[in-house]
Amino acid sequence: MTRKTVVTSVPVLDLMPSPQPAGSGVDNKCGRCTRSICCNSINQQVPTPRSKSDFDHLLWQVAHEGINLFKDSDGWFLHIESRCAHLQPGGFCGIYEKRPEVCRDYSNDFCELDESIPEGSELFFSTYAQLDAYCRARFKQWDKRFD
Ligand code: SF4
Ligand code: SF4
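Remember, it's a predicted structure, so these values are computed and weren't measured experimentally. Along each chain, residues carry numbers from 1 onward, in the same order as the chain's sequence is written. Following the order in which they are written, the chains are lettered starting with A and the ligands numbered starting with 1. For this predicted model, a pLDDT threshold of at least 70 governs which residues receive local features, and a threshold of 80 or more governs which side-chain atom pairs are given and counted, while totals over whole chains, interfaces and linings are taken from all residues. By convention in this description, side-chain values take in all heavy atoms of the structure and omit both hydrogens and water.

Let us now look at the overall build of the protein. Within the protein one finds five helices and five strands. Look at the contacts in the protein between residues 6 or more apart in sequence, and 74% of them connect residues 24 or more apart. Accessible surface area values rest on a Shrake-Rupley calculation with a 1.4 Å probe, where residue burial reflects the displayed protein chains alone. Approximately 8,800 Å² of the protein is accessible, and the part contributed by carbon and sulfur atoms is 52%. In this description a helix means any DSSP run of H or I spanning at least four residues, a strand means any run of E spanning at least two, and both kinds are numbered starting from the N terminus. What makes two residues a contact is simply this: any of their non-hydrogen atoms within 4.5 Å.

Encoded structure:
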């Protein structure tokens with residue numbers, strides 16, 4: 001299993017407001033993360049695609065800007081690049097006390113700062129062309145799926 005254990009997710013965390021003093025025992029990793037990667041996307045698990053029709057539907061989704069598709073040991077996911085409305089400048093959470101449970105449960109022990117989703121995935125598609133090429137290799141008569 002990879003670091004991607006969240007099934008329906010906004011991977012997010014206890015955002016550290018700033019780098020912590022040396023020796024404080026507090027991990028200041030989030031304070032050093034300039035992009036707040038985890039608050040800028042959603043991972044949504046999708047049923048394992050098997051048929052040409054399944055992949056054709058995913059092609060339509062991946063064709064949209066900010067929509068990626070990946071597979072890891074937990075299954076297939078849409079990776080949707082979208083900034084949380086509550087993310088504040090500097091990486092603070094604007095609703096920290098009331099943030100959703102998925103944000104509370106998320107740990108930064110091994111997060112996207114350590115390994116990006118493309119790096120940690122068995123398969124990763126960010127464009128129509130990439131997924132189309134995969135489908136052509138997987139299905140012999142891919143172009144005849146509309147017949
Ligand atoms: S990507 Fe990792 S280091 Fe960056 S804010 Fe999210 S949990 Fe913290
Ligand atoms: S609610 Fe807060 S912790 Fe959760 S994704 Fe948005 S900014 Fe990040």
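The pLDDT value expresses, per residue, how confident the predictor is, ranging between 0 and 100. Mean pLDDT over the protein works out to 83, with 82% of the residues at or above the 70 mark. Throughout residues 1–26 the model reports pLDDT below 50, and contacts reaching past four residues in sequence, or to other chains, amount to 74 contacts.

In this section: the site of ligand 1. Here a residue is near a molecule or strand as soon as one of its heavy atoms is found within 4 Å of it. Surveying the vicinity of ligand 1 reveals 12 residues, the closest of which are C30, C33, C38, N108 and C111. Considering only residue class, the shell around ligand 1 consists of nine nonpolar, two polar and one charged. Each residue gets one of three labels, nonpolar for Ala, Val, Leu, Ile, Met, Phe, Trp, Tyr, Cys and Pro, charged for Asp, Glu, Lys and Arg, and polar for the others, Gly among them.

This brings us to the packing of helix 2 (residues 52–62) against helix 5 (residues 128–138). The angle between the axes and the distance between the axes are what describe a pair of packed helices. Two numbers describe how helix 2 lies on helix 5: the axes approach to 9 Å, and their chain directions differ by 165°. By the angle between their axes, helix 2 is roughly antiparallel relative to helix 5. The handedness of the crossing between helix 2 and helix 5 comes out as right-handed. Of the residues in helix 5, those touching helix 2 at F55, L58, L59 and V62 are Y128, L131, D132, Y134, C135 and R138. In terms of residue class, the contact of helix 2 with helix 5 is made up of eight nonpolar, no polar and two charged. Note on method: axes are straight lines fitted to C-alpha atoms, helices fitted across the in-contact stretch only, with angles between N-to-C directions ranging 0 to 180 degrees. Each angle gets one of four labels, with under 35 degrees taken as roughly parallel, over 145 as roughly antiparallel, 65 to 115 as roughly perpendicular, and the rest as oblique. If you view the pair so one helix is near and one far, a crossing is left-handed when the near helix is turned anticlockwise from the far one by less than a right angle, and right-handed when it is turned clockwise.

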